[in-house]
2 protein chains.
Amino acid sequence: MTDSDKYCIIMAGGIGSRFWPLSRNATPKQFLDILGTGRSFLQETCSRFEQIIPVENIIIVTAERYKDLVKSQVPQIMEENILLEPHRRNTAPCIAYATYKLFKKNPNATIVVSPSDHLITNENIFLETIVRAMNYAANHDVLFTLGIKPTRPETAYGYIQTNKAEKINIEGYEAFGVKTFTEKPDADLAKVFVDSGEFLWNSGIFIWNIRTIMNELESYLPEIANSFKDGTDFYYTDEEARYIKGIYEACNGISIDYGVMERTGKSLVMEATFGWSDLGTWHSLYVQSHKDEKDNVIMAEPALIDETESSIILTTNKEKLMVVKELDGYMVIDTPDVLLICRRNETSFKDAVTDLAVHELNKYQ
Amino acid sequence: MTDSDKYCIIMAGGIGSRFWPLSRNATPKQFLDILGTGRSFLQETCSRFEQIIPVENIIIVTAERYKDLVKSQVPQIMEENILLEPHRRNTAPCIAYATYKLFKKNPNATIVVSPSDHLITNENIFLETIVRAMNYAANHDVLFTLGIKPTRPETAYGYIQTNKAEKINIEGYEAFGVKTFTEKPDADLAKVFVDSGEFLWNSGIFIWNIRTIMNELESYLPEIANSFKDGTDFYYTDEEARYIKGIYEACNGISIDYGVMERTGKSLVMEATFGWSDLGTWHSLYVQSHKDEKDNVIMAEPALIDETESSIILTTNKEKLMVVKELDGYMVIDTPDVLLICRRNETSFKDAVTDLAVHELNKYQ
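Now for a look at the structure at hand. (Residues numbered from 1 in each chain as written. Chains lettered and ligands numbered in written order. Predicted model: local features only at pLDDT ≥ 70, side-chain atom pairs only at ≥ 80, totals over all residues. Heavy atoms only, no water.)

**Side note on the overall build of chain A**
Rules: Runs of E in the DSSP output that reach at least two residues are strands. Runs of H or I that reach at least four are helices, and both are numbered from the N terminus. Each radius of gyration is computed over the set of C-alpha atoms, and the globule rule expresses the reference value as 2.2 Å times the number of residues to the power 0.38. Partly exposed describes any residue whose relative accessible area lies between the buried limit of under 20% and the exposed limit of over 50%, with all areas from a 1.4 Å probe on protein chains only and scaled to the type maximum. Note on definitions: a residue-residue contact is assigned when non-hydrogen atoms from the two residues lie within 4.5 Å. Using the Shrake-Rupley algorithm and a 1.4 Å probe, accessible areas are obtained, with residue cover drawn only from the displayed protein chains.
Counting secondary structure elements, chain A contains eleven helices and 17 strands. For 365 residues, the compact-globule formula gives about 21 Å, and the C-alpha radius of gyration of chain A, at 21 Å, lands near that figure. The principal-axis extent of the C-alpha atoms belonging to chain A is close to 60 × 50 × 40 Å. Going through the 365 residues of chain A one by one, you find that 56% of them count as buried. Sequence-distant contacts in chain A: of pairs separated by 6 or more residues, those separated by 24 or more amount to 67%. About 14,800 Å² of surface is accessible on chain A, with carbon and sulfur atoms providing 47% of the total.

Shown next, in the form of structure tokens:
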């Protein structure tokens, strides 16, 4: 495989409601610099992959409304590589669209598919893992998912049950057969999963060659696959958007995990040892962030915090003084038009407000 | 006494730090519409007095820095009646300045002196009380303070001990001789005061004729009195500001209560039955405000408040959504550049932050 056959598809269409009110429909999590690194998750994701994949081979799939955000945040990405989804249809149509469009240009592609809004640490291990998996996938008929060894019974993640009997060694990395995919188990089940030693967290990062994924899409999601296959004449033309709009209006939303990965016999999960978090909850942000001596995560400067413990204090206003006294285990999220104060263990803002009132939130979403 | 001899001196120079962060040095409490009536305390105070005193006889004493605020909030007040203090010197110099300047114009004035930032309810009783006291004071050598019957052992107020043996009846209103003035007693003492039945809250509203107050100023605060008396030639001229600057730089700050009212034999306290609060603390704002069924004072719209009790939720941003869950007895005060969250019973923001950090607050004061 030459470098010119290596591709990356970055999925950047999510609306990231779990970080509300910091994330909004208009600026979801992937476009935010939640950790204060100076770069958004999308920018971090792109620059990570640019180290191993030619920039002209990086494809971003996003929603139509985020087109300008993507172009302004990652201007190095070619315009024809920014694919716009007219509706949200989960990951399978997203991947199928990018795959069939890419096939028209390069039928020898080997592809890594990645979310745009995850935290990766130990970047060198991450890159090495991707390279090893791509090298293997380039000439093997397999569909890799990267699996992360769980460190806690997290209920917000997806889990992959491995088949330890079916194991291959790839230049020092272990990959296993796959028994099941389970999204967001309850706390008891998550504990059973972690204790069993059989389960890995589903990172949502996939690696395969283009012919294998097309075959499996055509086998398990033939309707979706054929819709995008039939569009071949329109890709890279003025007709593309209109054609895609028709497909998205007709097709059902389904994830690649359920639609393909769980059904195919070609799934392998590669155990990855880099640091990973999907940072999908305020709790996970809290876990990943630097804490002061009282276990507070203070993302505000200036701030006067007294008799306060285990709390998140965040404002998006860099000139605003936060004065907080006597809170324990709360989060205070101050944005220009929403102030959220609730316990840190609220899993989402939707739990923080009464059901009756949710309709009032529409303009703040 | 004709209407043209009735004057009102409104003291509007306070910095109102107790309502921080809503009040600031740049816009203290008297210029704010804290209760959401649509008018500031100063505007309410002026329009109350305009019902019984000719508008051209209303004098406002304020700090130089608030000149524009006063002119914009109460444009009906004559420019020559807006007196500017170059330094803060408590109430005695403030009253002496206004008194000696006024004397040059009208040596027959009868005057009510009033703070600008108090809450008055039962306005008709208030106005009737003032009128009765002015009518009496016009031709009696007395200095009235209005005293409010205490309803709780408030530690933030001043108390006046009455001499029940010295009692006069003024058209149905009772006035008593004065034994002592006590500022802000501790909780035990306040309870003794209230239980004794001898004490009234000091409203800071005074009524007297101009000759009586000048006499008493000259007897008990001769240095201050003579400084302002000596300025007679400069009042209403271009020289006034320069002359006043010199006096204020030299003179000490002292309250009219300690400097005159407690020492003179001419003090009488008139018992008033209108509703009064100096609204000097968040607690007093809470007490005076409309509460929801869970005893919350919500000064924010829209707001989604859940499992929250006995709290104050306030934002100055009329477009901002406040989402609060699980707070009990807190106050959340959101302003453009400060967010304060602490227990409602904090008596002032200064208790809400550590002493070490107070210097950082300077730019937010």
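Anyway, onward from the coordinates.
**Re the interface of chain B and chain A**
Note the threshold: Here the quantity called buried area is the total loss of accessible area, with a 1.4 Å probe, experienced by two parts when brought into contact, counted for both. Here, a salt bridge means any side-chain nitrogen of Lys or Arg that lies within 4 Å of a carboxyl oxygen of Asp or Glu. Three classes are used, and their members are as follows: Ala, Val, Leu, Ile, Met, Phe, Trp, Tyr, Cys and Pro are nonpolar, Asp, Glu, Lys and Arg are charged, and the others, Gly among them, are polar. Paired strands, as defined in this entry, are two strands with at least two bridges between them according to DSSP.
If you look at the interface, chain B gives 36 residues, while chain A gives 36 residues. With both chains or domains summed, chain B and chain A bury close to 3,000 Å², and 55% of this area falls on carbon and sulfur atoms. The tally of links from chain B across to chain A stands at four salt bridges. A salt bridge links D334 of chain B to K320 of chain A; its shortest N-O distance comes to 2.6 Å. Contributions of two or more residues to the side of chain B that touches chain A are made by β13 (303-306), β15 (321-325), β16 (330-334), β17 (338-343) and α11 (349-352) of chain B. With six residues, β17 of chain B is the single largest residue contributor to the side of chain B that touches chain A. Classifying every residue of the side of chain B that touches chain A gives 21 nonpolar, three polar and twelve charged. Sheet topology places strand β17 (residues 338-343) of chain A next to β15 of chain B; four bridges connect them, and they run parallel. Paired with V338 of chain A across the two strands is L321 of chain B, which belongs to β15 of chain B.

**Examining the sheet that holds strand β14 (residues 312-315) of chain B**
Threshold: Here an angle of 0 to 180 degrees is reported between the N-to-C directions of two axes, which are lines fitted to C-alpha atoms, with helices fitted over the stretch in contact.
With mixed pairing, the six strands of this open sheet are ordered in space as β13(A)-β15(A)-β17(B)-β16(B)-β14(B)-β12(B). At either margin of the open sheet sits one strand with a lone partner, and together these are β13 (303-306) of chain A together with β12 (297-299) of chain B. Taken over all neighbouring pairs, the strand axes of this sheet differ in orientation by 5° on average, direction set aside. Inspection of the sheet shows β16 of chain B paired to β17 of chain B by five bridges, in the antiparallel sense.

**Topic: the pattern of salt bridges**
For the coordinates displayed, the defined rule picks out 45 salt bridges over all chains. Here K266 of chain A and D141 of chain A are joined by a salt bridge, their closest N and O atoms 2.9 Å apart. One end of the pair, K266 of chain A, is in the loop between α9 (256-261) and β10 (267-272); the other, D141 of chain A, is in the loop between α4 (123-138) and β6 (143-148), with 125 residues separating them in the sequence. You can call D141 of chain A partly exposed: its relative accessible area is 42%. Connected through salt bridges with shared partners, the residues K320 and D334 of chain A together with K320 and D334 of chain B form a single ionic network.

**Section: the sheet that holds β13 of chain B**
Taking strand neighbours across the sheet as the criterion, the six strands line up as β12(A)-β14(A)-β16(A)-β17(A)-β15(B)-β13(B) in an open arrangement whose pairing is mixed. Among the strands making up the open sheet, the edge pair consists of β12 (297-299) of chain A together with β13 of chain B. Taking the axes of each pair of neighbouring strands and ignoring which way they run, one obtains an average angle of 5° across the sheet.

**Notes on the relation of the copies chain B and chain A**
Test applied: Least squares is the method used to superpose the copies, on C-alpha atoms of residues holding a pLDDT of at least 70 in both.
With an RMSD of 0.1 Å, the operation that places chain B on chain A is a rotation of 180° combined with a shift of 0.1 Å along the axis. On the angle and the small slide along the axis, the relation comes out as a two-fold axis. By residue overlap, the copies meet face to face through one surface: 100% of the interface positions of chain B are interface positions in chain A.

**A closer look at the side chain of N296 of chain A**
Residues and elements named next belong to chain A. Selection rule: Within 3.5 Å is the distance limit for a polar contact, defined as a pair of N or O atoms, with the added protein rule that one can donate a hydrogen and the other accept it, and that residues adjacent in sequence qualify only through two side-chain atoms.
Looking at the element boundaries, N296 is found in the loop between α10 (282-288) and β12. For N296, a relative accessible area of 2% corresponds to the buried category. In this structure the side chain of N296 is engaged in a polar contact, spanning 2.7 Å, whose partner is the backbone oxygen of T308. Those residues within four positions of N296 in sequence are excluded, and the remaining contacts are H290, K291, I305, T308, E309, S310 and S311.

**Things to note about the packing of aromatic side chains**
Our working definition: Here is the rule: rings of Phe, Tyr and Trp (six-membered ring for Trp) pair when centre to centre is within 6.5 Å. Planes less than 30 degrees apart are stacked, more than 60 are edge-to-face, and the remainder are tilted. By definition, being over a ring means that NZ of Lys or CZ of Arg is both within 6 Å of the ring centre and within 35 degrees of the ring normal.
Under the defined criterion, the tally for this structure stands at 32 aromatic pairs over all chains. Between Y136 of chain A and F144 of chain A the ring centres are 5.8 Å apart and the planes differ by 55°, which places this aromatic pair in the tilted class. In this structure F144 of chain A comes out as buried when scored by relative accessible area, which is 0%. Clustering of aromatic rings is evident, with ring pairs tying together Y97, F228, Y235 and Y248 of chain A. The ring of F176 of chain A is capped by K164 of chain A, whose NZ or CZ atom sits 4.7 Å from the centre of that ring. The cationic tip of R48 of chain B hangs over the ring face of F126 of chain B; the distance from NZ or CZ to the ring centre is 5.4 Å.

**A few points about helix α1 (residues 41-49) of chain B**
All names here are of chain B. Among the nine residues of α1, seven are classified as buried, and the element is accordingly described as predominantly covered. Regarding α1, the residues found buried are F41, L42, E44, T45, C46, R48 and F49. Residues of α1 that are buried sit in contact with β1 (6-11), β2 (58-63), α2 (67-73), β4 (110-115), β5 (119-121) and α4 (123-138).

**Notes on the pairing of β17 of chain A**
Of all six residues that make up β17 of chain A, five are buried, and the element is covered over most of its length. The antiparallel hairpin formed by strand β16 (residues 330-334) of chain A and β17 of chain A contains three residues in its connecting segment.

**Section: the state of the cysteines**
Under the convention used in this document: We call a pair of cysteine sulfur atoms a disulfide when they lie within 2.5 Å.
Counting across every chain of the model gives zero disulfides over all chains. Just so you know, C46 of chain B is unpaired, no disulfide at all, and the nearest cysteine sulfur is the one on C8 of chain B, 7.5 Å from it.

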